[in-house]
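# Notes for the structure review
Spelled out from the first residue to the last, the chains are:
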Amino acid sequence: MSSLEVAVVGYGLAGSVFHAPLIAAEPRMRVAAVVTSSAERAECARRAHPDVRVVSHADELFAEPARIDLVVIATPNRAHAPLAARALDAGLPVVVDKPIAVSVRDAEALVTQAERSGLALSVFQNRRWDGDFRTVRALVETGKLGRVRRFESRFERWRPVPRGGWREVGSPDDGAGILLDLGSHLVDQALTLFGPVHSVYCELDRRRAGIRTDDDAFVALTHTSGVRSHLWMSAVAPQLGPRFRVLGSESGYVSYGLDPQEDALRSGRRPGDGAPWGTVEPERWGLLGAEPDAVPTPTASGDYPAFYAEMAAALLDGAPTPVDPRDAVTTLRLLGKARESAASGVIVAA
């Protein structure tokens, strides 16, 4: 096998903007099938991928598993684990959009199922390939900050009027709420940088009328290494804080604004379209150093295409998957501990 036929289950924002374009940009993959019950989304899929097979239900996909080499689950959260389990039952490797599942029990069951069947399972933690995060990771790993003492990370938005989607009006069984949505990224990044956690504190709020779940959250993680990660996620921030602020014994780093890849994908740009991908202009570079001598330092280019390049290598060359699903289980467990802390108002053991 020299190339992979990929099926994308779900063709909303995640499937059409994040997954399908990145799959199509990978030379050893092709968007071969899309599952959607929406006639409008089906037409969008056919326009974007002229040779794609569109089916209205996952049953049609799993009835012919020999036609597919990889299944990508890009549905609303509550369907992640059931559909991933069905794909594994059909003998197919799986990529699941984050979070891997709504419950830790379901997430652990998926990992066990994949391991027993010898099938690849990975989770789309694309924010590991944000340019600003890649920059922070390099600064930490090369010791340019000294010993890191505090890591601050934010995903904040100003959306005073709810949009009414399932993430705002859904129930806990739906996996709704900003903690599970953006917290999946923020906690994963903190764990990637600083490793295991021994205690968790969380403040969780519902600020806007008309929603049923959390839209504003703060999570504090104390890592076993001694680093403290302070993580903010909000839909009600009229002024946005720094995306990253990292304080070390020798130096610090601060950056503002989001990685440009999401906006590029939403606008219709695609990797390999001839223009630079994931680059940040010098006026938006973060500052590195100590007062009063902090100076702009280049931001690494973002690289979302690397996820599916690594997934292709895992399936065709025997390389590791881009994200170990056990990392996603750990992230989900910590988010559950965060909810426990918010409910009790105290620090809880991880």
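Now for a quick tour of the structure. (Residues numbered from 1 in each chain as written. Predicted model: local features only at pLDDT ≥ 70, side-chain atom pairs only at ≥ 80, totals over all residues. Heavy atoms only, no water.)

### A closer look at the overall build of the protein
The helix and strand tally for the protein stands at 12 helices and 15 strands. On C-alpha atoms alone, the protein measures out to a radius of gyration of 20 Å, which is about the 20 Å that the 2.2 N^0.38 rule sets for 350 residues. C-alpha extents for the protein along the principal axes are approximately 60 × 45 × 40 Å. Per-residue burial for the protein yields a buried fraction of 53% across its 350 residues. Within the protein, contacts between residues at least 6 apart in sequence are counted, and of these 70% link residues at least 24 apart. With the model as given, the accessible surface of the protein reaches about 15500 Å², and the carbon-plus-sulfur share is 50%. Where the 40 positive side-chain charges of the protein centre and where its 44 negative ones centre are 3 Å apart. (Helix = DSSP H or I, 4+ residues; strand = E, 2+ residues; numbered from the N terminus. Rg over C-alpha atoms; globule rule 2.2 N^0.38 Å. Buried < 20%, exposed > 50% of the residue type's maximum accessible area, 1.4 Å probe, protein only. Contact = heavy atoms within 4.5 Å. Areas by Shrake-Rupley, 256 points an atom, 1.4 Å probe, with all protein chains shown as cover. Lys, Arg positive; Asp, Glu negative; His and termini not counted. Charge placed at Lys NZ, Arg CZ, Asp CG, Glu CD.)

### Focus on the environment of His57
Topologically, His57 is positioned in the loop between strand E3 (53-55) and helix H3 (58-62). Here His57 falls in the partly exposed class, since its relative accessible area comes to 41%. Each C-alpha atom of the pair His57 and Pro172 lies 25 Å from the other, and the pair is 115 residues apart in sequence. Polar side-chain contacts of His57 include one of 3.0 Å to the backbone nitrogen of Asp59. (Polar contact = N/O pair within 3.5 Å; in protein donor to acceptor, adjacent residues only side chain to side chain.)

### Some points on the pairing of strand E7 (residues 148-156)
Counting buried positions along E7 yields seven of nine residues, so the element is predominantly enclosed. Two strands pair when backbone bridges link them, and E7 and strand E11 (residues 244-248) are joined in this way by five bridges, in the antiparallel orientation. Counted as the bridge partner of Glu152 is Arg245 from E11. Pairing analysis gives seven bridges linking E7 to strand E10 (residues 228-234), with the strands arranged parallel. The residue bridging Glu152 from the neighbouring strand is His230, located in E10. (Pairing = 2+ DSSP bridges.)

### Examining the layout of surface pockets
Take a probe with the size of a water molecule and roll it over the atoms, and the empty space left behind shows itself. Considered as a void within the structure, the second largest pocket measures approximately 310 Å³ in volume. Lining the second largest pocket are 17 residues; nearest its centre among them are Val102, Pro172, Ala176, Leu180 and Arg339. Looking at the lining of the second largest pocket, the elements that each hand over two or more residues are helix H8 (178-181) and helix H12 (325-344). No other element matches the four residues that H12 contributes to the lining of the second largest pocket. Its residues assigned to classes, the lining of the second largest pocket shows eight nonpolar, five polar and four charged. (1 Å grid on protein atoms, 1.4 Å probe; cavity = no way out; pocket = protein on both sides within 12 Å on 5 of 7 lines; lining within 4 Å. Points joined across faces, edges and corners; volume = space filled by probe spheres on them. Nonpolar A, V, L, I, M, F, W, Y, C, P; charged D, E, K, R; others polar.)

### Observations concerning the sheet that holds strand E5 (residues 94-97)
Pairing is parallel in the open sheet, where six strands are placed in the order E3-E2-E1-E4-E5-E6. At either end of the open sheet lies a strand with only one pairing partner, and these are E3 and strand E6 (121-124). Neighbour-to-neighbour, the strand axes of this sheet turn through a mean angle of 25°, independent of strand direction. (Axes fitted to C-alpha atoms, helices over the stretch in contact; angles between N-to-C directions.)

### Here's the deal with the pattern of salt bridges
Overall, the coordinates contain 28 salt bridges when judged by the stated rule. With its nearest N and O atoms 3.3 Å apart, the salt bridge here joins Arg207 to Asp205. Residue Arg207 is classed as exposed on the basis of its relative accessible area, which comes to 52%. Here the salt bridges do not stand alone but share partners, grouping Arg150, Glu152, Arg154, Glu156 and Arg245 into one network. (Salt bridge = Lys/Arg side-chain N within 4 Å of Asp/Glu carboxyl O.)

### Overview of the packing of aromatic side chains
For the structure on display, the rule yields eight aromatic pairs. Summarising the aromatic geometry, the rings of Phe218 and Trp232 are spaced 5.1 Å apart at their centres and angled 45° between planes, so their arrangement reads as tilted. In this pair, Phe218 is assigned in strand E9 (residues 216-223) and Trp232 in strand E10, connecting sequence segments 14 residues apart. On the basis of relative accessible area, Phe218 is assigned to the buried category, the value being 14%. (Phe/Tyr/Trp six-rings, centres within 6.5 Å; stacked < 30°, edge-to-face > 60°.)

### Points about unusual backbone geometry
Cis geometry is found at the peptide bond from Lys98 to Pro99, where omega equals -10°. Looking at where Pro99 falls in the secondary structure, it is placed in the loop between E5 and helix H5 (104-117). Residue Pro292 is reached from Glu291 by a cis peptide bond, and omega for that bond is 5°. Here Pro292 shows up in the loop between strand E13 (286-289) and strand E14 (295-297).

### Observations concerning the side chain of Thr75
Looking at the secondary structure, you find Thr75 in the loop between strand E4 (70-73) and helix H4 (80-89). The buried category is assigned to Thr75, whose relative accessible area is 15%. Leaving out residues up to four positions away in the same chain, Thr75 has contacts with Val9, Gly10, His80 and Leu83.

### What about the packing of helix H6 (residues 131-141) against helix H9 (residues 183-194)?
In the contact formed by H6 and H9, the axes pass within 10 Å of each other and the chain directions differ by 20°. Between H6 and H9, the crossing angle belongs to the class labelled roughly parallel. As for how H6 packs across H9, the hand of that crossing is right-handed. Residues Phe133, Val136, Arg137 and Val140 of H6 lie in contact with H9, whose contacting residues are Gln189, Thr192, Leu193 and Phe194. Along the lines of polarity and charge, the residues of the contact of H6 with H9 split into five nonpolar, two polar and one charged. (Parallel < 35°, antiparallel > 145°, perpendicular 65-115°, else oblique. Left-handed = near helix turned anticlockwise from the far one by under 90°.)

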